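# Structural features, examined
So you can see what is in the structure, the chains are spelled out below.
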Amino acid sequence: DANEAAFVGDRRINLAVALTLQSLSNANRQFTGLSWLSSVQSEAVSNRMFASHIEEILPAQGKGLLGMALSQPHNGGTMVEAAVEAVASSIPGGMAGKEAVDDLAEWLVEKALSSGATNYKGDLLEFGGAVESQRLEGYEDHAPLF
């Protein structure tokens, strides 16, 4: 099932990006701190990032999908995440799939760094924005209205 593959692929690419950032942080103390790690991680694995680079990430499958991905970034992100899982599990017992995911993670981090990744939630609050949540009758507790 493609949705289950996307679910696992999302976890795989998130972990690979986190490990790439940890390695970068350990090698260069300029790149450190939870805020920095969170900002770059969020940008690197965002649906926006996946959608805007879908033709580069999926060169054979992504041709002609850029318009759709940009207008529906969640769908573009889901496609990339499902592909990550397909690649990672394509060679059982082998390392080629994992290495390909690690290479993608490094590339995504480079793209995030070059884009000037920022902490959008923090920026909202710093610029005087406010976040308020309230419980709505009939909705799950974990689904607040913002």
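Residues numbered from 1 in each chain as written. Predicted model: local features only at pLDDT ≥ 70, side-chain atom pairs only at ≥ 80, totals over all residues. Heavy atoms only, no water.

## A word on the packing of helix α2 (residues 34-44) against helix α7 (residues 96-114)
Helix-helix packing: each pair is described by the crossing angle between the helix axes and the interaxial distance. As a packed pair, α2 and α7 sit with axes 8 Å apart at the nearest point and diverge in direction by 110 degrees. By the criterion of interaxial angle, the relationship of α2 to α7 is roughly perpendicular. Here Trp36, Val40, Glu43 and Ala44 of α2 lie close against α7, whose contacting residues are Leu108, Val109, Ala112 and Leu113. The residue inventory of the contact of α2 with α7, partitioned by class, reads seven nonpolar, no polar and one charged. (Axes fitted to C-alpha atoms, helices over the stretch in contact; angles between N-to-C directions. Helix = DSSP H or I, 4+ residues; strand = E, 2+ residues; numbered from the N terminus. Parallel < 35°, antiparallel > 145°, perpendicular 65-115°, else oblique. Contact = heavy atoms within 4.5 Å. Nonpolar A, V, L, I, M, F, W, Y, C, P; charged D, E, K, R; others polar.)

## Regarding the nonpolar core
Counting residues in each nonpolar core, the largest one holds 24 residues, and the members touching the most others are Ile13, Val17, Phe50, Ile57, Val80 and Leu108. Mapped onto this core, the elements with two or more residues apiece are α1 (2-27), α2, α3 (47-52), α4 (54-57), α6 (73-88) and α7. No other element matches α7, which puts six residues into this core. If we ignore the near neighbours within four places in the chain, the residues touching Ile13 are Val45, Phe50, Val84, Val101, Leu104, Ala105 and Leu108. (Core = buried A, V, L, I, M, F, W, Y, C linked by side-chain atoms within 4.5 Å. Buried < 20%, exposed > 50% of the residue type's maximum accessible area, 1.4 Å probe, protein only.)

## A few points about the side chain of Glu85
Residue placement: Glu85 occurs in helix α6. If near-sequence neighbours (up to four positions away) are discounted, Glu85 is found in contact with Ala5, Val8, Gly9 and Arg12.

## Brief notes about the packing of α1 against α7
Taken N-terminus to C-terminus, the directions of α1 and α7 make an angle of 65 degrees; their axes are 8 Å apart at the nearest point. Considering the relative orientation of α1 and α7, their crossing is right-handed. Residues Arg12, Ile13, Ala16, Val17, Thr20, Leu21 and Leu24 of α1 pack against Val101, Asp102, Leu104, Ala105, Glu106, Leu108, Val109 and Leu113 of α7. Residues that form the contact of α1 with α7 fall into these classes: eleven nonpolar, one polar and three charged. (Left-handed = near helix turned anticlockwise from the far one by under 90°.)

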